[in-house]
Structures are given as C-alpha cells and as structure tokens.
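Coordinate analysis (summary)
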Amino acid sequence: MKYESQGIAKLYFIAAIALFVGQILFGVTMGLQYVMGDFLFPEIPFNVARMVHTNLLIVWLLFGFMGSAYYLVPEEAERELFSPILAKVMFWIFLVAGALTILGYLLVPYARLAELTMNDLLPTMGREFLEQPTITKIGIVIVALAFIFNIGMTVLTGRKTVINLVLLTGLVGLAVFFLFSFYNPDNLVLDKYFWWFVVHLWVEGVWELIMASLLAYVLIKVTGVDREVIEKWLYIIIAMALISGLVGTGHHFFWIGTPDYWQWLGSIFSALEPIPFFMMTLFAFNVVNKRRRDHPNKAAVLWALGTAVMAFLGAGVWGFLHTLAPVNFYTHGTQITAAHGHMAFYGAYVMVVLTMISYSMPLMRGQKAANVNAQKHEIRSFWIMTISMVIITLMLTAAGIMQVYLQRYSADPLPFMVVQDRLAHFYWAREVAGLAFLYGLFLYIYSFFAKGPEVADVE
Amino acid sequence: MRETFTKGMARNIYYGGAVFFFLVLIGLTVDTVKRLPATDNRENLTEQVAEGKRLWEVNNCIGCHTLLGEGAYFAPELANVYTRFGESTEAIKAFIKYRPVDGIEGRRSMPQFNLSDEELEDLAQFLKYVDGIKAARDWPPNIQG
Amino acid sequence: MNSYDTQLKQATISSLFSLLNLTVLPVIGFIFLLLLYKKTEANNIDHYYAVLGIKTNLLAGVALLLVSALMIVLGGFNSVWTWVFVISYFVFVHAMFILFATWTMVRSWTGKELTKSFLSK
C-alpha cells in the first residue's frame, strides 16, 4: 500500500461484507418462504424480506465500489486521497442511513414508513429496488456527490490513467442515472420506461465500466502485464458494453405498452450484450496466461478469473437465453428472470468486489498476500460460493422452464399458485444450495482470521 | 492484436460509440413518449387511478406480485387480474379485503392491509386501468398471467 | 514443413474455428477445422490444436445434439419434464463447451499446449 489514505478502503470493505451477510440471511429466509409460505408471516412478510435482501445487496455493492475506488485511485493517481476525513464521515453517514432504512423496513409496516418519512411530499417509494424513503434517496445523492467530489479531485489533481478515468466515468454515471429514481409519474408506462434508466443503465451500463476498470487494475497488479495492453482492451470492452447496452435497454420495453419497434431493436442490440463479458473472459485468461510473475496472492488471481467467467455465464449466457423477444414473450417475469438475475449479479458485481477485497486486504494489513492457510480457506470459499450459485441458478432455470411450459406456453394454462406448488422440489434444492452459499460466505470471513505460515514472497 | 489497431483507435470507438448510441437512445425515447398515448390508456388515468397507484406503491404490492411482468415472483401477475376476475372491481376488492390477518397455514400468504372502502375502490380502479394498457402482442400470453 | 510462426498462426485459427463451430458457425466451422487439420503435420503445435478442436466439437456434437435428441425421444416431445431437462442440460453443457473452447483459444495464443492446472505456467 503506497499511500496511507488507501487504508480507508478497509472500513468500507468491512461494512460491505457485514451487509453481504445480512443480505444472504434474508435470502435464505425468502427461499424458505417460497416453500413454507407463511414462514415468519405476518411479522416479516415476503415482500419485506425481499426489499431488505435487494437493498442490502445494492448498498453493500456500493460500499464495495467506494472502498475499491478509495483503494485504487490514490495509487493510480499517485497522490493521497483529496480528503480522507470526508471519506470517513461519509462512511458513517451512509452506514447509519442505510441501517436506519433497513430497520424501517423491518420494524414498521411499509405504508406507515411512507407516512413517517413524508413520502407524499415527493412520492418515490414502492418501486422495485427503489423502496427507500425519499429522504434516504436524497441522502444517497449527497453521499454519492461527496464521494465523486473526493475521488474526482484526487484524479483531476493527480495522474490520469485510463483505469482512473473509466472508473470515474462509471461512478459519475451511477450517480447521474440514480436521479431518475426521483421521477415517478402517475402514468404507469412512463413510470416503467424511466425506471429502467436507473436499473438497466446501471447494471447493463455504467456499472460495467466500474467492473471492467476494477478487474483491469487487479490483473495489472497480479500478472505484471503491460499497462498499454490492458488499457487498449479496457477501451474495447467498455465500448462494446455501451454500444450494445444503451439501445439494448429496449429488451425491457417489449411488453410494457411501448411501441412494437422495441421488439426488434431491443432483441438485436441486447443480443450483443454478452460480447463485452466474453471479451473480459478472453482478456482475463490471456493476461494470466502471459503473466510475467507468479503473484503470491493466488486467491486474488482466482477471484479475478472467476469474475470474468461467472459474469460471462450469468450476465452473458443466461441473459442471452431470454433476451430475444419471441422467447421473452413466454419467459417474462418468471423464474427464468430470477435465475439470470442471481448469477449475473454474483458473477459480475459481487465477485469483482470480492476480487478487490482479496487483493487489497492483505496489503492494507501490511502483507503481500494472506498466509497459506488463509488462502486455502479463501479459495475453498470461492468454490463453495460459486458452485452453490451455479446450482441455485440451474434449479431456478429448471423451475422457470416448467413454469413457462405449464403457465404460459400450454394450450391449457394452469393458474400461478398451482404451478408454484409443482415447482416445490426445485425450490427446496435451491434453498439447500443457498444454505451452502451462506456457509461459503462464513468460510470466506473466517479466512481473514485464519493463521498459518506466510507465503514465499516470489516475484 | 495487431499494432494496426491502436489504443487511440479503441478510445475513439468508445467515445464515438457511446455518444452516438446515447443520442440514438434519447431519440428513440422522444419518439416512444410521443407514441404512448395510443397504448398507455391515459384516457382512463383519473385522480382515483392515480390514488390507486399511490396505494399500490405504499403497500409495496410489487414486493410479491408482478405488474406487466415486472416485480417479484412470489404471487400472481396482476396486469390482467381485472379480466381474470371476470372484469369485476368488486371481486378484486373482496379478495384484498378478506385476507386473513394471520395468513393461511402453510401457504404463501398476503397481508391484511386494512384498507378503507374508498382505498379499495381506488386500488381496483388502478388495476382496471393497468388491464387497459395495450401491451404488445396483448401480453401476457394468456389469462393466467 | 511450415515455419513455427505459420504453425502458431494456424493453431490460433484452428482454435478460433473450434469456438466458432460451437457458437455462430456450426458445421461450417467444423469443415474449416478439417481443412486446417489436413495441412498439419504430427507433433507440431498447429496439429495439436486442430486435433483438439476436432475432438472437442465431435464430443460437443454427441453431448449436445445426440444426448438432447435422446432425451426428447425417450421423454416424449409433449412432456414438461423432457423440456426441463433438455433446456437446462443444453444451456449448461453448451456454456461449458464454449468456456473450454475459449480457454483453449487463449492458450493457443501462447503457443503452448493445455496443462493440468491453468494456474501453472
């Protein structure tokens, strides 16, 4: 760790992992509610567990992105962070605001939370992933602005590398597109259209810039590959991400009351969206193959490769599965969607944050890499979490196929609840895999405390 | 990668591609918004329907249900529930009104929201309005949603 | 006998066509692979990758087409379980083949053969 202020990332990463645990606890709760329908009802109905699960995911990933930026930007910009104190203050503000919001979801009926937080002044609550009270959303904007100011000033007054600039662009994009969450028209079609300007342009847009830049950074560090090579690849990857993903937003505009031409435009452009993920896989495999050093942090190398592969599978392959309009007509809003969503988020965003943590935590603790024993546990946790996620996804895919066949495609379609009963064994299998995932996460956390012989410092 | 394809070229493709397709997205958005009146059922978007949408939001119905395929996958699609319930707002109101407080044992349960009769009417009118939105190919594929 | 540089280039082209046959150019990709194979000599890197490409795609043909067809015939075209198995199986196995072919293509760029662990040099 070359600059002292990089150490601020540690705070953000610890919060990220703690919130990740919370996310998965509520995830396995929902998995159980799928098969034991009244589990924890009425104290924690399904929708409450769900908003806690999804909001925790988003917030912990944001903590992860911020921590990653605080770690890598000073090093890339070759100067200390512009204002370490601002970063620390914002950390606590974001954490407390986030915690209060989650407690609000759990302790008070949602309609009452809306009243208490004066939602009527500017109603933004009650949409998927955007359940936060309006005041929380305003808080998020303030935190994001402070963060971008801090990182922005550091980059602008320091060395401007391609990695720095792509990361900054992604983060600014994240903040700008979040503003669409304040637009909530009475017209449902307009509401849905612009909702995707937050969600799609985040996860299939600017977040890909963030992911690609973080991955590029770690790969330079662990393989010693030439920066020029990586920078060229990075430009190509993000170019393909935006060229495919911007108009690719149209794959959300098939059936919501928008014009028919979206079926063509959305299908064609979104069919290209796997390309940047495919390139990231090529890129990661290639630089590891041609590496000039064997970095002692083998876990970080594995996380980096795993990120590229799982993002390609989850976002690319599983996304492609249901992106063409003729297929999507039958699969829209089914377990196929859930299958893709889980593997895509895990592969692209969860794993890239875990890659950054894996790489930087030892350095922030004064070591080149975690000890041999710790890495062994970390690598095992990688496999357990990743394989569990693959199983979750396969079970939901199978459930989705059956659901589509019985409820959507059949000449004699069955009602939703009847079909859900038929899917029970898939949901049970998914729950077991979910518990295995939770175990993998606990093992991952344990790896940070495991003692053992130090790694040989081979360059 | 051959040296004929330089970093500078890659950067230009990124800048050019991003700006160009962002402008295309904006153009398509303007066009879509202009065409919406033909399909979005706004002629039935009354004050009452708007109130119903607000109730839909503050009770987080999307947390269990899908609406035009978007939302959670725990409970049925509601864009066509008006049709599915025999084009009856009374049937919709009754269903919501008579949810048992402690749920149904062993089954996925819907909360009792304690809505007033006026609120129930608003919400039912909202769902009727959604049913009137002309989704492409008349999505969902069938009555079950 | 081709120079090493030509062999290396041929090896990378073979592995590319192996991947193309699995994705956007089925059958045509395989024909190209066979043509490339005929130009190689044993013990060279271009031969290794041409053979690897052919073997991979023959295996994929059996695993993806034959097995899927068997599942449909044995399970019945109109059975929901047939489609649950066939679609899940096809997507997963196809994705695994694509990943493998991608890995071998990248490996061919280094001029080396595959090894047991990709983390070893």
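Each chain has its residues counted from 1, running along the sequence as written. Written order decides the labels, with chains lettered from A and ligands numbered from 1. Per-residue local features of the predicted model are confined to residues with pLDDT of at least 70, and side-chain atom pairs are confined, for both listing and counting, to 80 or more; whole-chain, interface and lining totals are unaffected and use all residues. Based on all heavy atoms of the structure, the side-chain values leave hydrogens and waters out of the count.

Turning next to the state of the cysteines. Each disulfide consists of a covalent bond between the sulfur atoms of two cysteine residues. Residues and elements named next belong to chain B. In this description, a disulfide is simply a cysteine sulfur pair whose atoms lie within 2.5 Å. One pass over the full model with this rule turns up zero disulfides over all chains. The thiol of cysteine 61 is unpaired, and the distance to the nearest cysteine sulfur, on cysteine 64, comes to 8.8 Å. Relative accessibility thresholds used throughout: buried, under 20% of the residue-type maximum; exposed, over 50%; partly exposed, between the two (1.4 Å probe, protein chains only). Judged by relative accessible area, which is 12%, cysteine 61 ranks as buried.

Residue and element names in this part refer to chain A. The helix count covers DSSP runs of H or I at least four residues long, the strand count covers runs of E at least two residues long, and both are numbered beginning at the N terminus. Take histidine 295: it is sitting in the loop between α10 (274-289) and α11 (298-321). For histidine 295, a relative accessible area of 6% translates into the label buried. Pairs of N or O atoms within 3.5 Å make up the polar contacts considered here, provided that, within protein, one atom can donate a hydrogen while the other can accept it, and that residues adjacent in sequence are counted only when both atoms are side-chain atoms. In terms of polar contacts, histidine 295 uses its side chain to reach the backbone amide nitrogen of asparagine 297, at 3.0 Å. Here, two residues are considered to be in contact whenever any of their heavy atoms come within 4.5 Å of each other. In this structure histidine 295 touches Lys221, Val222, Tyr359 and Lys368, once residues within four positions along its chain are discounted.

In this assembly, 84 residues from chain A lie in contact with 73 residues from chain B. Across the interface of chain A and chain B, roughly 6,800 Å² is buried in total on both sides, 64% from carbon and sulfur atoms. Salt bridges are defined as contacts in which a side-chain nitrogen from Lys or Arg sits within 4 Å of a carboxyl oxygen from Asp or Glu. Between chain A and chain B we count six salt bridges in total. Where chain A meets chain B, there are 32 residue pairs in polar contact (both at pLDDT 80 or more). What gets called buried area is simply the loss in accessible area from a 1.4 Å probe that two parts show on being joined, summed for both.

With that settled, consider the arrangement of the chains. Highest in contacts among the two pairs of chains that touch are chains A and B. Note that chain B does not reach chain C: the shortest distance linking a C-alpha of one to a C-alpha of the other is 10 Å.

In this section: the domain arrangement of chain B. An automatic or database domain assignment supplies the start and end points of every domain. Examined at the domain level, chain B breaks down into domain 1 (1-38) and domain 2 (41-138). Domain 1 of chain B and domain 2 of chain B are separated by 39 Å when their C-alpha centres are compared.

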